[in-house]
Amino acid sequence: MVNIAAHHSMDGWLINIENEIQYDQIDNLVIFVRLLTEKMHRMIPGSQVIWYDSVTVNGDLTWQNELNDLNSIFFDECDAIFLNYTWTNEKLVNSAINSGTRLHDVFVGIDVFGRGMIGGGGYNTKEALALARKAQLSIALFAPGWVYEVNGSREFDANEESVFRFWYYLRPYLPMHVSCSLPLSSTFCQGWGKRTYMHGQAVSNDPWSNLSMQQPQPTLTHSEMGYNPHQQYKWLHLEDGFLGGGSMRFVGRLPNSGSPLTYRLFDTAINMSSSVYVSYSLKQMHMDAGANLFIYLVLNKDEGEKEKRILLPVEHTVTTIYAGGDNDTTLQCLDDLDIPPALQLPVSKGREYNQWQCRVFRIDMDILDGSILDEVGLMAYTDNEEPLMLNVLLGNVQIISAEDVTLCPSSVMNITCDQVTIDNLSTRSDLLPSEESGAKSLSMRLRWLQPEIMADVTSYHIWYSLNGADREWLGSTYSNKSYITNLDVHGEHGCITFTVQPQYKSGIIQDINKAGTYSFKY
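Being a predicted model, the structure only gives us computed values, none of them experimental.

S.K.: Looking at this structure, I do not really get unusual backbone geometry. What am I missing?
M.R.: Glycine aside, negative phi is the norm for most residues, and most peptide bonds take the trans geometry. In this structure, the amide linkage connecting Leu 182 to the following residue, Pro 183, adopts the cis form with an omega of 0°. Tracing the sequence through the fold places Pro 183 in the loop between α7 (160–170) and β6 (184–186). You will see that His 199, though not glycine, has its phi angle at about 50°, which is positive. If you trace the backbone, His 199 turns up in the loop between β8 (196–198) and β9 (201–204). You can call His 199 buried: its relative accessible area is 14%. The phi dihedral of Gln 355 is positive, around 75°, even though this residue is not glycine. With respect to the secondary-structure elements, Gln 355 resides in the loop between β19 (352–353) and β20 (356–363). For Gln 355, a relative accessible area of 56% corresponds to the exposed category.

S.K.: What's the story with the sheet that holds β8 in this structure? I'm lost.
M.R.: Where strands meet in a sheet, backbone hydrogen bonds hold them as pairs that are either parallel or antiparallel. Reading across from one edge, β9-β8-β12 is the order of the 3 strands in this open sheet, with antiparallel pairing throughout. Of all the strands in the sheet, the pair left with one neighbour each is β9 and β12 (243–244). Bridge analysis of β8 against β12 gives 2 bridges, and the strand direction is antiparallel. Its bridge partner being in β12, Met 198 is matched across the sheet by Leu 243.

S.K.: Is there a simple way to think about the confidence of the model for the protein chain in this case?
M.R.: Close inspection of predicted coordinates is inappropriate for parts of the model with low pLDDT. Per-residue confidence for the protein chain gives a mean pLDDT of 87, with 88% of residues at or over 70. Scored below 50 in pLDDT, residues 222–227 makes 12 contacts in the model with residues more than four places away or belonging to other chains. Note on residues 432–436: pLDDT is under 50 here. Beyond four places in sequence and across chains, it has 3 contacts.

S.K.: What's the story with helix α5 (residues 126–134) in this structure? I'm lost.
M.R.: Residues spaced three or four apart along an α-helix face the same direction, because each turn holds 3.6 residues. Taken as a whole, α5 has its buried residues at Ala 128, Leu 129 and Ala 132. Taken around the axis of α5, the buried residues stretch over an arc of 100°, which confines them to a single face. Once α5 finishes, Gln 136 follows within two positions and takes phi at roughly 65°, a positive value.

S.K.: Whenever I open this one, the sheet that holds strand β17 (residues 308–313) confuses me. Can you help?
M.R.: Taken together, the 5 strands give an open sheet; going across it, the order is β14-β21-β16-β17-β18, and neighbouring strands pair in mixed fashion. At either margin of the open sheet sits one strand with a lone partner, and together these are β14 (261–271) and β18 (328–330). Sheet twist, expressed as the mean angle between neighbouring strand axes with direction ignored, is 20°. In this structure, strand β16 (residues 292–300) lies alongside β17, joined through 6 bridges in antiparallel fashion. Each residue of the ladder has a partner; that of Leu 299, found in β17, is Lys 308.

S.K.: Sorry, what's going on with the environment of Gly 46 here?
M.R.: Turning to its location among the elements, Gly 46 is positioned in the loop between α2 (26–43) and β2 (48–52). For the pair Gly 46 and Gly 12, spaced 34 residues apart in the sequence, the C-alpha separation amounts to 8.8 Å.

S.K.: Help me understand the nonpolar core, please; the structure alone is not making it clear to me.
M.R.: One recurring pattern in soluble globular proteins is that nonpolar side chains are buried together. Among the nonpolar cores identified, the biggest contains 50 residues, and Trp 51, Ile 110 and Leu 137 are the most heavily contacted of them. Of the residues forming this core, the biggest block, 6 residues, is contributed by α2. Apart from residues no more than four positions distant in its own chain, Leu 137 is found in contact with Leu 92, Ser 95, Ala 96, Leu 103, Val 106, Val 108 and Ala 132. With 39 residues, the next largest nonpolar core counts Phe 188, Leu 312, Leu 373 and Leu 378 among its residues.

S.K.: Please clarify how the packing of aromatic side chains should be interpreted in this entry.
M.R.: Two aromatic rings, taken as a pair, are described by how far apart their centres are and by the angle between their planes. The final tally for this structure, using the stated rule, is 14 aromatic pairs. When the ring of Phe 82 is compared with that of Tyr 85, the centres are 5.9 Å apart and the planes differ by 90°; the resulting orientation is edge-to-face. Relative to Trp 146, the ring of Tyr 123 lies with its centre 5.1 Å away and its plane at 85°, an arrangement referred to as edge-to-face. Note that Tyr 123 is positioned in the loop between β4 (106–111) and α5 and Trp 146 in helix α6 (residues 146–151), a separation of 23 residues in sequence. The exposure class assigned to Trp 146 is buried, which follows from its relative accessible area of 13%. In this structure an aromatic cluster arises from ring pairing among Tyr 123, Trp 146, Phe 166, Trp 167, Tyr 168 and Tyr 169. Across from the ring centre of Phe 75, 3.8 Å away, lies the NZ or CZ of Arg 102, which sits over that ring. Sitting over the face of the ring of Tyr 169, Lys 126 holds its NZ or CZ atom 4.8 Å from the ring centroid.

S.K.: Explain the pairing of strand β24 (residues 440–449) to me, please; I cannot follow it from the model alone.
M.R.: Along a regular strand, successive side chains alternate from one face of the sheet to the other. The buried fraction of β24 amounts to 8 of the 10 residues, a majority that puts the element mostly inside the structure. Pairing geometry for strand β23 (residues 413–424) and β24, over 8 bridges, is antiparallel. If you follow Ile 422 over to β24, its bridge partner there is Leu 442. Across 7 bridges, β24 lies against strand β27 (residues 481–489) in antiparallel orientation. Residue Lys 440 lies in a different strand from β27, and its bridge partner there is Val 489.

Conventions used here
- Think of each chain on its own: its residues are numbered from 1, step by step along the sequence as written.
- Per-residue local features of the predicted model are confined to residues with pLDDT of at least 70, and side-chain atom pairs are confined, for both listing and counting, to 80 or more; whole-chain, interface and lining totals are unaffected and use all residues.
- Working from all heavy atoms in the structure, the side-chain values ignore hydrogens and water.
- Note on conventions: DSSP H or I runs of at least 4 residues are helices, E runs of at least 2 residues are strands, and numbering of each starts at the N terminus.
- Burial here depends on accessible area, computed with a 1.4 Å probe over protein chains only, as a share of the maximum for the residue type. Under 20% is buried, over 50% is exposed, and the range in between is partly exposed.
- Two strands pair if DSSP finds at least two bridges between them.
- pLDDT: the predictor's confidence for each residue, scored from 0 to 100.
- The criterion used for residue contact is that any of the two residues' heavy atoms lie within 4.5 Å.
- Here the arc refers to the set of directions running from the helix axis out to each C-beta atom.
- Helix axes are fitted only over the stretch in contact, all axes being lines through C-alpha atoms; the angle between N-to-C directions runs from 0 to 180 degrees.
- Grouping buried Ala, Val, Leu, Ile, Met, Phe, Trp, Tyr and Cys residues that are joined through side-chain atoms within 4.5 Å yields what is termed a nonpolar core.
- Centres within 6.5 Å make a pair out of two Phe, Tyr or Trp rings, where for Trp the six-membered ring is used; the pair is then stacked when the planes are under 30 degrees apart, edge-to-face when over 60, and tilted otherwise.
- Only Lys NZ and Arg CZ are tested; either one counts as a charge over a ring when it is within 6 Å of the ring centre and within 35 degrees of the ring normal.

Take a look at the structure:
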């Protein structure tokens, strides 16, 4: 179990035994929990082993719904306990008392489906959370996918509004986890999509799901719920994207009062101790003339000192600059020749990629001045007398230290293949008679080495070229191997060249012409 957790980069184990245990085996079970916890800590620092409130010290399958003498023996040997769901307020108080100094190691089970739960679950899950927080205990939230399961799967992406509503109600009881260090990068991909996009182009029209490819998501804000006079919303958009499975879509009505319309993307707490590069891609679905768009950064330095805001406009020349205050600074994007190689995109056409506008900015220390980056967002402004409508897509945002940008991405090494099979497809029913001759299907496993300098690689993009033709995207993986199945090839003999292109935590993708390759002849 320890080796499995290490191999798959797991955070730990939840031990849930839903059957009775012979009484004479309880001591062995206790030893098992203790050894698993010790070895997990040794192999994976920071990992956790959590015991589920099911089997008791007597071997009975009797859920206690609290921490007490019947299950504390397991709690004492691991990192935490996950309480069953049908607890009462009195049982929460008992659990808090029995935990001693380990108050936060008690996770109160909350079933969003509301089975036997206080409050009944669903959008009223907040009642159960409020009681758990009042007892100062931690929370184990079970089945938050309730929103999708109840509302149906046909319009999966359309349920985003219900998801925002669900989490909005829970927000007062949940801690806010913010980014505290650079790089800060996101394509807003949730690890699934109707297509796959690379630099604004759909490289695959097949739907996919791979949650390990998920990117940081925007901070939930009040603008998604309740009174919203500017019809201001943001949500995941799957019909177009710049990288990954989609993009963020922003709609709203710009007020004619001269005040800006803002959408917070990320709450942060990042010490800006060095110069940075900021880049983003944006596509205007519809925007009335006279509107100006910016990515903005909010900086704070000392208490009592007014916050500073950096505005990074989409337009090269902004005719109307929002004059919000003396502490607002508007920068212009870099010319192509000034963009560092690591941030240059393939074959720029006026800095547009399938109508995606790509911008790169450099912010030096004389502006940052050791401030704390508190917030990143999108802002629209107009000084027109009439309200304007906004409808734009944001494909990605990157904030990277200048030092990291200068590091050249390294190529993967020692690409090899094994488990090769080549099948004759002459009998396949979907081939035309003219295509049958020499049609083959290739399957194999590609593997490669990841140098230490590539420790921050988050994924690899796999491409192939058959007999010198243009490269085609094959897939993406977060591991250092890729399984290729049923790849169609033609002719008795030929050569397939595979390219492995790493993508880093910073969002930087290695130039495909410098990426590692492997040629296979058949």
